Protein chains: 2
Amino acid sequence: MTFELKILGSASATPTVGRHPTAQVLTVGAQHYLIDCGEGTQWQMLEYRVRPHHLRAIFISHLHGDHYFGLFGLLGTMHLQGRTQPLCIIGPPGLDEVLVTQSRVSGVQIGFQLEFTVVDTEVHALVYEDAGLRVHSLPMRHRVPCAGYLFEEQPRRANLLKEKLPAGLTPGQLARLAQGDDLPADEHQPGLRHADVAGPVPIPRRYAFFSDTLYTPALAPLIAGADLLYHEATFLDELRERAAQTHHSTARQAALLAQAAGVKQLLLGHFSSRYKALEPLLHEARPVFPNTALAVEGLVVSL
Amino acid sequence: MTFELKILGSASATPTVGRHPTAQVLTVGAQHYLIDCGEGTQWQMLEYRVRPHHLRAIFISHLHGDHYFGLFGLLGTMHLQGRTQPLCIIGPPGLDEVLVTQSRVSGVQIGFQLEFTVVDTEVHALVYEDAGLRVHSLPMRHRVPCAGYLFEEQPRRANLLKEKLPAGLTPGQLARLAQGDDLPADEHQPGLRHADVAGPVPIPRRYAFFSDTLYTPALAPLIAGADLLYHEATFLDELRERAAQTHHSTARQAALLAQAAGVKQLLLGHFSSRYKALEPLLHEARPVFPNTALAVEGLVVSL
């Protein structure tokens, strides 16, 4: 099953030619999940062929404009496109009030249901779950209430191993085995244990999204061993004082957190507009955590 | 004095690759005035070198997202850039409430004053005035309250004609003449009438912005003889039924209104995403009103 991240925006708050504010799409099976939605995200979705119709939920980290000002336009477009299926919106307190106020004063009623989940940004808790995915909040430390998110696929059953399956099984028996059941012995054949004909149980894939935050090593245990970590790296470490003042992180700090958490791969993003070239951020992180890449527009990471 | 219109967006509501929602900048002298502010306007301002710092006022026609969803981000950027001077925002009822709600729930306080003027979209009335410009509302007919705007420069004095000025005038006397005063006779010289040494009084330049609207010929007298008319032309005339249903206009209707008003020049804009090529709209309008152009991104019209 697909478990894939696509980057739509790499910039921080100051508009920069050729960069776009934070937006990412996680695809799990046939469902899209949007993570933050800076201004212009719907054009980035057009550009990178992410169909709004397949969006199941939108996660907003915090109410700084570069993380959610594209939400209004995207919802309007989905309305124009005739969407009827409900959409989950998960975010910090107040987001629902902004959307409801805007809808009321503009006289534009969205033609599908918005199901809000208000996130307590101080705690690590389950905030969303469906058949394919469950998501926990990660308490970021920023200037306003801010949540990161840990996306984890639901446990999958082990696949049956063809070479271990005896001949002559009926379709019904195969289906029972595929569902994880054992076949009891009967007059026709001996029993068959699922565990004897199945491969190992896949480890659920996990993606950790660290939105705007002070470097917070205490969060590492919450994402230990994750397949992928996105961590903001607004500044180079020479500006770590500025990072601390503005509640942001440096590329080196992102790498230290990736190392401490023992994740498999690190993406850096949310780059300050002062960095015309981004390689120095990468060169700063890699000595600490080698498997690091830049989360630039169009990057796709399949897990 | 500069009186110049720059187009930043030509699209209607459906996002279209390579087109941007409605936004225009009118420059009068050293001041910029933004007219509508669809999502992404601040990137278009970057692209076409319109400095937010020089914005004196923002006029919003109505609360459909493709006309104002860029406002939040633009205000945030001006705040980040350290703006302190007040900004006038002129628009329909409710816009102030959306902005105030958003500021409150996000915890982001804009560091400069927003001076709201709520426009009664049913009447033709003065809604803004400064030393260089006055602006009247134009009652559009759309699905939600919607205003067009008529921008008119303040009356200018006639320029002095060098060839008519007698020799020997003091700087003080020249300054009085330049201000429009007559010089009284005294013991040293006969009097001098301003009218005898000045050229003709310039006719104030006028730009009429017709935002989303049903074809409304009754509005023509309000903009009679204007130097420039922008009129939405969402559809070709073969779709005039669809235009009427959605409270929009066709290219031919825009041209008919330009003709009825006797304006000097017409711009068509707000194109439906169904028109990949825009020439058919132009070809439809020109037989009715020859001096017609397409209001595409980057177009500059100096009056």
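Since this is a predicted model, take the numbers as computed values, not measurements. (Residues numbered from 1 in each chain as written. Chains lettered and ligands numbered in written order. Predicted model: local features only at pLDDT ≥ 70, side-chain atom pairs only at ≥ 80, totals over all residues. Heavy atoms only, no water.)

Chemist: Which residues make up the UniProt feature "active site" (unreviewed entry) in chain A, and what are the values?
Modeler: Residues and elements named next belong to chain A. The positions UniProt marks with the feature "active site" (unreviewed entry) are D66. Turning to its location among the elements, D66 is positioned in helix α2 (residues 65-68). Take D66: its relative accessible area is 10%, and that puts it in the buried class. When sequence neighbours within four positions are dropped, the list of residues in contact with D66 reads S12, A13, P21, T22, G38 and H270. (UniProt positions renumbered as here; feature names shortened; annotations may be inferred. Helix = DSSP H or I, 4+ residues; strand = E, 2+ residues; numbered from the N terminus. Buried < 20%, exposed > 50% of the residue type's maximum accessible area, 1.4 Å probe, protein only. Contact = heavy atoms within 4.5 Å.)

Chemist: Which residues make up the interface of chain A and chain B, and what values do they have?
Modeler: Taken residue by residue, the interface counts 33 residues in chain A and 33 residues in chain B. Taking both sides of the interface into account, the surface hidden between chain A and chain B amounts to around 2700 Å²; carbon and sulfur atoms contribute 66%. Taken as a group, P15(A), E39(A) and W43(A) account for 24% of the area that chain A buries against chain B, more than any other trio of residues on that side. For the pair chain A and chain B, the number of links is two salt bridges. Here chain A is connected to chain B by eight residue pairs in polar contact (both at pLDDT 80 or more). Only α1 (41-47), α3 (71-80) and α4 (95-106) of chain A provide two or more residues apiece to the side of chain A that touches chain B. Looking at which element gives the most residues to the side of chain A that touches chain B, the answer is α4(A), with seven residues. A per-class count over the side of chain A that touches chain B returns 16 nonpolar, 13 polar and four charged. (Buried area = accessible area lost by both parts, 1.4 Å probe. Salt bridge = Lys/Arg side-chain N within 4 Å of Asp/Glu carboxyl O. Polar contact = N/O pair within 3.5 Å; in protein donor to acceptor, adjacent residues only side chain to side chain. Nonpolar A, V, L, I, M, F, W, Y, C, P; charged D, E, K, R; others polar.)

Chemist: If you had to explain the packing of aromatic side chains to someone new, which residues and values would you point to?
Modeler: Residue and element names in this part refer to chain A. Considering all chains together, one arrives at 23 aromatic pairs over all chains under this definition. Centre to centre, the rings of F59 and Y128 are 5.6 Å apart; their planes meet at 85 degrees, and the pair counts as edge-to-face. In this pair, F59 sits in strand β4 (residues 55-59) while Y128 sits in strand β7 (residues 126-129), placing the two residues 69 residues apart along the sequence. In this structure Y128 comes out as buried when scored by relative accessible area, which is 8%. Consider the rings of Y68 and F69, whose centres lie 4.9 Å apart with planes at 45 degrees: the pair is tilted. For F69, a relative accessible area of 10% puts it in the buried group. Here the aromatic residues Y33, F59, Y128, Y149, F151 and Y207 are joined through ring pairs into a cluster of three or more. It is R83 that lies over the ring of F112; its NZ or CZ is 5.4 Å from the centre. (Phe/Tyr/Trp six-rings, centres within 6.5 Å; stacked < 30°, edge-to-face > 60°. Lys NZ or Arg CZ within 6 Å of the ring centre and 35° of its normal.)

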